[in-house]
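Here is how the chains run, residue by residue.
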Amino acid sequence: MNLKKLVVSALVVVLMGAAAVQTVSAQEKMTKEEWQNQITQYTAQRDSLKNVLAQLTKDVDSLKAALAALTDQVTKVQNETMAMTGASADRHKAFDAALKHLEDWAGQLSLLSNQDLYARRSEVDSLQAQLDSLKQSKLAALQEFYDRIQALQQKIDQLKATLARPDLLAGLEKTYTVGTWARDRDCLWNISKKKDIYDNPFMWPKIWQGNRDQIKDPDVIHPGQKLKIPVAGPLTDNEKKAERRYWRNKHAAH
Amino acid sequence: MKKILKTSIATVLLVGALTVVGCSSGPSDEELAQLASLKAEVASLQKAVDAKKAEKSDLENQIVAKQAELAQAQKDQDLTRERLKSQQ
């Protein structure tokens, strides 16, 4: 009886095991038909991808050629434009450097206080003169320079506008009332030498040129004259010219 | 006892037959390798197609930018010509 039960149990286990093996193989292994279906599907996909890739390669080659042609066209137009100015590459480079120098210069002047700007006002005129000179060049017509020149001119105009403000001059210029020679030893040289004026006698042409309306001969000033004292700073070109003229006349008189 | 033995042998034979039949209906190893190779080829082609599409898109963008650059260069040339005329 026990043996019978044992054999039956073993048979049940074998049957269940076989069933399990069949189920697992059915899940893991495909049938021949499924394999064939997948082969057909992937073959079609491969062929389609090959066609797409061939078309894309053709498109890419065509686009590369179009890009190269466009690049050539851009270079050609740019070279033609440059040729219109008749300038060499070296002149182009030199022009660029000169413009950059003026831009930097204007930038520095823009950062100055009103007082310092007033003292260096002659530089604004020099800056304008040099920019005007650059404007004469054919290179100034090139777009790359044209915009920079316009911007620089605006900056110079702003500097000029600042210098033209009457409140600026009123706030910066001092006055000095001439005393007597006997008591104060006042002449333009000595006035210029005073600590609270320029602390430098060589600046006397500045006082002379700032008071041309009342000083015809710099050797002659009168007690009680109220002189304008221009803002301190290096002598301007006009002041230097006036000084040279004074010394020439002085030597000629002797 | 004899009956049990007979039944057991019959069952084992039946199970064995079923297992053999079940195992022999799939593709061979060679065929499976063929399928795997095909799948790999498709994956590789798909990768190449994706790369080419990206290259194409990049080139199209470059062409649009270059066309704009050309238009600007031509415009600059016209402006330069006008300015040179007014300089003279």
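Please refer to the structure higher up on the page.
### Concerning the overall build of chain A
Thought 1: Check the secondary structure of chain A and you find eleven helices and two strands.
Thought 2: Mapped in sequence order, the helices and strands of chain A form the string α-α-α-α-α-α-α-β-α-α-α-β-α.
Thought 3: Out of the 254 residues in chain A, the part that is buried amounts to 33%.
Thought 4: By sequence separation, contacts in chain A at least 24 residues apart represent 63% of the contacts at least 6 residues apart.
Thought 5: Accessible surface, chain A: about 15600 Å² in total, of which carbon and sulfur atoms supply 55%.

### Digging into the nonpolar core
Residues and elements named next belong to chain A.
Thought 1: Judged by nonpolar contacts, the single largest core of 26 residues is most densely connected at Phe-95, Leu-99 and Leu-127.
Thought 2: Taken together, the elements giving at least two residues each to this core come down to α3 (89-111), α4 (114-119), α5 (121-135), α6 (143-163) and α7 (166-172).
Thought 3: Ignoring any residue separated from it by four or fewer positions in sequence, one finds Phe-95 in contact with Leu-134, Ser-137, Leu-139, Ala-140, Phe-145 and Ile-149.
Thought 4: Listed in part, the 17 residues of the second largest apolar core include Trp-204, Ile-207, Ile-221 and Ile-229.

### Notes on the interface of chain A and chain B
Thought 1: Contacts between the two partners involve 50 residues from chain A and, on the opposite side, 46 residues from chain B.
Thought 2: Interface area, chain A with chain B, both sides summed: about 4500 Å², of which 75% is carbon and sulfur.
Thought 3: Per-residue buried area on chain A facing chain B is highest for Trp-35, Leu-49 and Met-84 of chain A; these three make up 12% of the total on that side.
Thought 4: Counting across the chain A and chain B interface gives five salt bridges.
Thought 5: With a closest N to O distance of 2.5 Å, Glu-31 of chain B and Lys-32 of chain A form a salt bridge.
Thought 6: Viewed at the interface, chain B and chain A are joined by 13 residue pairs in polar contact (both at pLDDT 80 or more).
Thought 7: Put simply, the parts of the chain that give the side of chain A that touches chain B at least two residues each are α1 (2-28), α2 (32-85) and α6 of chain A.

### Some thoughts on the packing of aromatic side chains
Thought 1: Going through the model one piece at a time under the given rule, you end up with six aromatic pairs over all chains.
Thought 2: Seen from their ring centres, Tyr-246 of chain A and Trp-247 of chain A are 5.0 Å apart, and the 75 degrees between their planes marks the pair as edge-to-face.
Thought 3: Classification of Tyr-246 of chain A as buried rests on a relative accessible area of 10%.
Thought 4: Over the aromatic face of Tyr-118 of chain A sits the side chain of Arg-121 of chain A, whose NZ or CZ is 4.1 Å from the ring centroid.
Thought 5: Across the ring face of Tyr-146 of chain A, the terminal group of Arg-83 of chain B is positioned such that the distance to the ring centre comes to 3.5 Å.

### Brief notes about the environment of Val-231 of chain A
All names here are of chain A.
Thought 1: In this structure, Val-231 sits in the loop between β2 (226-229) and α11 (237-253).
Thought 2: Along the sequence, Val-231 and Lys-174 sit 57 residues apart, while their C-alpha atoms lie 7.7 Å from each other.
Thought 3: Beyond its immediate stretch of four places on either side in the chain, Val-231 contacts Gln-115, Tyr-118, Ala-119, Leu-172, Glu-173, Tyr-198 and Lys-206.

### Considering unusual backbone geometry
Residue and element names in this part refer to chain A.
Thought 1: Positive phi, normally seen in glycine, also occurs at Arg-185, with a value near 55 degrees.
Thought 2: Tracing the backbone shows Arg-185 in the loop between α8 (181-184) and α9 (188-193).
Thought 3: In this structure, Asp-199 is a non-glycine residue whose phi angle is positive, near 60 degrees.
Thought 4: Owing to a relative accessible area of 44%, Asp-199 belongs among the partly exposed residues under this scheme.

Basis of the calculations
Residues numbered from 1 in each chain as written. Chains lettered and ligands numbered in written order. Predicted model: local features only at pLDDT ≥ 70, side-chain atom pairs only at ≥ 80, totals over all residues. Heavy atoms only, no water. Helix = DSSP H or I, 4+ residues; strand = E, 2+ residues; numbered from the N terminus. Buried < 20%, exposed > 50% of the residue type's maximum accessible area, 1.4 Å probe, protein only. Contact = heavy atoms within 4.5 Å. Areas by Shrake-Rupley, 256 points an atom, 1.4 Å probe, with all protein chains shown as cover. Core = buried A, V, L, I, M, F, W, Y, C linked by side-chain atoms within 4.5 Å. Buried area = accessible area lost by both parts, 1.4 Å probe. Salt bridge = Lys/Arg side-chain N within 4 Å of Asp/Glu carboxyl O. Polar contact = N/O pair within 3.5 Å; in protein donor to acceptor, adjacent residues only side chain to side chain. Phe/Tyr/Trp six-rings, centres within 6.5 Å; stacked < 30°, edge-to-face > 60°. Lys NZ or Arg CZ within 6 Å of the ring centre and 35° of its normal.

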